[in-house]
Amino acid sequence: MKKITNKTFVIISLIYYCSYNYSMAQTHFASDPYNLLSNEKLQFDGLLPMKANIFRPIFFNTDTVSFSLSLRNENYYNNNVSNQENMDVRYFSKGAGHFTSVNLAFNSPYLSFMVEPYIINNSFLSEIDIDREGVFSVLNDQNLTNSNLPDKVGFRNLLAFIHYKGFGIGWHKGNRWWGPGIHTSLQMTNNTQPFMAQILGTIQEIRIGSFGLYGLYTFAKLNDETDYKAKFFTSINGALTWYGPIVLSAGFNRTYISGGVKTHYGKRWTASDAKLLIFEGLLTSNLLKNEYSFLGHDSWDQTIAGYLTITLPKRNFKVYAEIGINDNRMFFADLLSQPDHTAATIIGFRDYGAGSSKNWIYGFEWSNLMLTYTIRHRGAGGVPAWYSSSLYDYSSYKGRRWGAHSGSDSDDWYAYMGYLSENLMIVPAVNYERHGIVSHRPAEVKLEYRMDIRFKYNDIWFGVFLENQFEAFLGFPDYFYEDKFGNPIDASQGTLANTRKTKTLIFTLSRSINF
């Protein structure tokens with residue numbers, strides 16, 4: 001069966017590569033940040049509709065029927081642990097691997113549909129896990145257990161949405177990205193495998209004059225348990241965009257994870273209860289009379305984020321910010337006094353207009369999930385940290401977080417500069433990431449140097465991605481240096497403690513057709 005399936009994909013690939021010669025076009029803007037730079041460049045060049053791109057995927061408005069077909073082939077070579085972020089079902093560790101998928105998307109005034117079957121073959125070897133506990137136990141370098149490994153044959157994306165004048169209902173098991181960033185987001189990324197969800201609202205922007213509206217409700221069951229052990233994911237997104245000399249967009253997201261435990265007063269928690277959680281009050285004082293709370297507190301995990309993007313179409317420039325909180329305030333005075341309690345932020349910009357040809361790009365992004373100063377008034381460890389609930393596996397699914405991959409008490413610096421044209425992309429980047437910044441000394445450090453090269457020939461994109469990664473202070477030792485035997489030393493000599501190096505090479509082939 002495996003040989004037959006592989007042969008089928010080879011045949012599809014050959015037919016696909018040899019039969020068509022159309023340029024790239026799309027029915028939707030994909031979630032995966034892999035093509036975000038090239039797609040936004042097309043928006044600034046007027047070849048794709050200008051959008052805020054905060055919530056993805058987002059389908060384009062249409063009054064006709066359109067299809068798009070995309071094929072993707074990737075080959076991986078890695079000499080150490082798995083540590084690639086935002087890779088959905090494409091998990092790989094030490095060794096070699098192969099991934100192939102075909103994405104078919106359909107868009108019409110009344111139905112939008114997307115299906116992407118995939119095949120993964122690999123010969124990966126497990127590496128020794130770093131001994132971490134609690135919130136640091138689900139970082140991306142941890143080996144996945146057999147129960148959490150992606151299926152070798154499955155669906156990377158599956159979406160069906162029935163709608164009228166933009167509003168509708170559907171089901172979505174696929175990549176999602178909520179936030180304006182390219183490297184990370186607080187609420188939702190494609191850092192883990194997708195889970196099936198019911199969706200209600202819009203998956204395309206509704207335009208009213210110079211304004212664009214977007215809103216989507218999401219509900220999912222995160223496990224196969226029944227009764228009080230069942231766990232639920234409930235979320236609502238919204239955005240308002242003004243299209244003028246500048247494009248100004250503001251959005252929000254509120255997410256709840258609930259269930260998995262008996263409530264304080266023995267109330268049976270059901271899917272119907274979980275579906276309504278996002279409509280409850282924002283302050284603890286609003287929740288005092290709820291059956292499932294004790295003095296306004298419950299076992300659920302809530303996060304709220306706000307987004308702002310400013311786009312300058314004539315300058316080919318975008319700047320953005322994301323701010324989130326993960327804890328209820330007791331009352332308004334508490335919010336007024338310590339608005340930064342448990343706050344996390346992401347700021348960044350992308351400039352596509354450098355140089356006379358406007359083909360030079362550069363950008364920067366910084367995420368900050370460090371424990372804040374005000375935790376000393378509320379106790380450090382546990383609730384003050386993002387993704388801190390052990391009940392919900394520290395906001396992870398299948399062993400990986402769906403939010404920021406750097407995790408709790410972390411920050412993540414990402415900078416890039418390069419060349420991007422219709423047929424060529426050369427973008428080197430550097431990434432500096434830390435874990436346990438406030439809670440540990442020294443904090444873990446990860447430094448990555450990357451090179452992303454892609455070129456188009458006969459409408460096929462060929463890509464090479466290289467990454468050289470260095471890590472230090474893994475597992476949070478209480479010393480900075482060690483001697484040649486690995487023993488800690490009390491001096492700024494020897495080598496940095498608990499280091500590791502990983503090199504990764506990825507070859508890609510991809511092509512998209514619209515018809």
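Once a new chain begins, its residue numbering starts again from 1 and follows that chain's sequence as written. Local features in a predicted model are, by the rule used here, given only for residues with pLDDT of at least 70; side-chain atom pairs are given and counted only at 80 or more, and totals for whole chains, interfaces and linings are based on all residues. Think of the side-chain values as coming from all heavy atoms in the structure, minus any hydrogens and water.

Engineer: I'd like to hear about the overall build of the protein, residue by residue, with values.
Structural biologist: Helix and strand labels come from DSSP, where a helix needs a run of H or I of at least four residues and a strand needs a run of E of at least two; each type is numbered from the N terminus. Secondary structure summary: the protein contains four helices and 28 strands in total. For the protein, whose C-alpha radius of gyration is 23 Å, the value lies close to the compact-globule estimate of 24 Å for 515 residues. Along the first, second and third principal axes, the C-alpha set of the protein runs to 65 × 60 × 55 Å. In the protein, which comprises 515 residues, the proportion classed as buried is 55%. C-alpha atoms define the radius of gyration, and 2.2 Å times the number of residues to the power 0.38 defines the globule rule. We call a residue buried when its accessible area falls under 20% of the maximum for its residue type, exposed when it is over 50%, and partly exposed in between, using a 1.4 Å probe and counting protein chains only.

Engineer: So, the nonpolar core: which residues are in play, and what are the values?
Structural biologist: Take the buried Ala, Val, Leu, Ile, Met, Phe, Trp, Tyr and Cys residues and link them wherever side-chain atoms come within 4.5 Å; each set so joined is a nonpolar core. One finds L37, F195, F233 and W402 to be the most contacted residues of the largest nonpolar core, which totals 57 residues. For this core, the element with the highest residue contribution is strand β12 (residues 211-221), accounting for five residues. We call two residues in contact whenever any of their non-hydrogen atoms come within 4.5 Å of each other. Those residues in contact with L37, other than ones at most four positions away along the chain, are I182, R350, Y352, I361, Y416, L420 and M425. The next biggest cluster of nonpolar side chains, apart from the first, holds 10 residues, and it includes Y76, Y118, I120 and F465.

Engineer: Got a sec to walk through the sheet that holds strand β25 (residues 481-482)? Specific residues and values, please.
Structural biologist: Two strands pair under a simple rule: DSSP has to find at least two bridges between them. Read from one edge to the other, the open sheet built from three strands follows the order β26-β25-β27, with strand pairing classed as antiparallel. Each end of this open sheet is capped by a strand with a single partner; those strands are β26 (488-489) and β27 (495-496).

Engineer: Now, about unusual backbone geometry: what can you tell me, with residues and values included?
Structural biologist: With an omega of 10°, the peptide bond running from R56 to P57 counts as cis. Tracing the chain through its elements places P57 in the loop between β2 (55-56) and β3 (58-59). For N53, which is not glycine, the phi torsion reads 65° and is therefore positive. Within the secondary structure, N53 sits in the loop between α2 (36-44) and β2. Backbone geometry places D227, a non-glycine residue, at a positive phi of 55°. In this fold, D227 is placed in the loop between β12 and β13 (231-243).

Engineer: Give a description of the pairing of strand β8 (residues 167-173) that names residues and reports values.
Structural biologist: Side chains of β8 alternate between two faces, with G168, G170 and H172 buried and F167, I169, W171 and K173 left unburied. Both strand β7 (residues 153-164) and β8 contribute to a ladder of seven bridges, which runs antiparallel. Bridge pairing in β8 places L158 opposite K173. Pairing geometry for β8 and strand β10 (residues 197-201), over five bridges, is antiparallel. Note on β10: the bridge partner recorded for W171 is Q198.

Engineer: Go over the pattern of salt bridges with me, naming the residues and quoting the values.
Structural biologist: Salt bridges are defined as contacts in which a side-chain nitrogen from Lys or Arg sits within 4 Å of a carboxyl oxygen from Asp or Glu. Taken as a whole and judged by the stated rule, the model has 26 salt bridges. A salt bridge links R90 to D32, with the nearest nitrogen and oxygen atoms 3.3 Å apart. In this pair, R90 sits in the loop between β4 (66-78) and β5 (95-107) while D32 sits in the loop between β1 (28-29) and α2, placing the two residues 58 residues apart along the sequence. Each of the two residues, R90 as well as D32, counts as buried. Among the salt bridges present, the one from K41 reaches D45, with a minimum N-O distance of 3.0 Å. What makes D45 partly exposed here is its relative accessible area of 40%. One network of salt bridges, in which partners are shared, links D32, R72, E74, D88, R90, E116 and R156.

Engineer: Now, about the environment of K94: what can you tell me, with residues and values included?
Structural biologist: For K94, the position within the fold is in the loop between β4 and β5. It is 47 Å that separates the C-alpha atoms of K94 and G266, two residues lying 172 residues apart in sequence. Dropping the residues within four chain positions of it, K94 is found in contact with N78, N79, N80, S123, F124, L125 and E127.

Engineer: How would you sum up the confidence of the model for the protein? Please name residues and give values.
Structural biologist: The quantity called pLDDT is the predictor's confidence in a given residue, expressed from 0 to 100. Across the protein, pLDDT averages 89, with 93% of residues at or above 70. Scored below 50 in pLDDT, residues 1-5 makes two contacts in the model with residues more than four places away or belonging to other chains. The low-confidence segment residues 17-25, where pLDDT is below 50, has 23 contacts with residues more than four positions distant or belonging to other chains.

Engineer: Describe the side chain of D412, with residues and values.
Structural biologist: By the element assignment, D412 lies in strand β21 (residues 410-420). For D412, which is buried and forms no salt bridge, the nearest opposite charge comes from K446, at a distance of 6.6 Å. Polar side-chain contacts of D412 include one of 3.1 Å to the side chain of H183. Aside from chain neighbours lying at most four places away, what touches D412 is H183, E365, W366, S367, H405, S406, N431, Y432 and E433. Charged residues are defined narrowly, with Lys and Arg counted positive, Asp and Glu counted negative, and His plus the chain ends left uncounted. Throughout this description, a polar contact denotes any pair of N or O atoms lying within 3.5 Å of each other; where both atoms belong to protein, one of them has to be capable of donating a hydrogen while the other can accept it, and for residues adjacent in sequence the pair is counted only when both atoms sit in side chains.

Engineer: Let's hear about the packing of aromatic side chains: which residues, and what values?
Structural biologist: For any pair of aromatic rings, the description rests on two quantities: the centre-to-centre distance and the angle between the ring planes. Only the six-membered ring of Trp is used, alongside the rings of Phe and Tyr, when aromatic pairs are assigned; centres must lie within 6.5 Å, and planes under 30 degrees apart are stacked while those over 60 apart are edge-to-face, with the rest tilted. Scanning the model with the defined rule gives 27 aromatic pairs in all. Aromatic pair F473 and F480: ring centres 5.7 Å apart, planes at 80°, arrangement edge-to-face. Through a chain of ring-to-ring contacts, three or more aromatic side chains come together here, namely W178, F195, F233, Y397 and W402. Across the ring face of Y34, the terminal group of R72 is positioned such that the distance to the ring centre comes to 4.3 Å. Sitting over a ring, as applied to charges here, requires NZ of Lys or CZ of Arg to be within 6 Å of the ring centre and within 35 degrees of the ring normal. Directly above the ring of F195 sits R176, whose terminal nitrogen or CZ lies 5.1 Å from the centroid.

Engineer: Describe in detail the side chain of Q187, supporting the description with residues and values.
Structural biologist: Within the secondary structure, Q187 is located in the loop between β9 (177-178) and β10. Take Q187: its relative accessible area is 3%, and that puts it in the buried class. One polar contact links Q187 to N253, side chain to side chain, over a distance of 2.5 Å. Engagement of the side chain of Q187 in a polar contact is seen with the side chain of T303, the distance being 2.8 Å.

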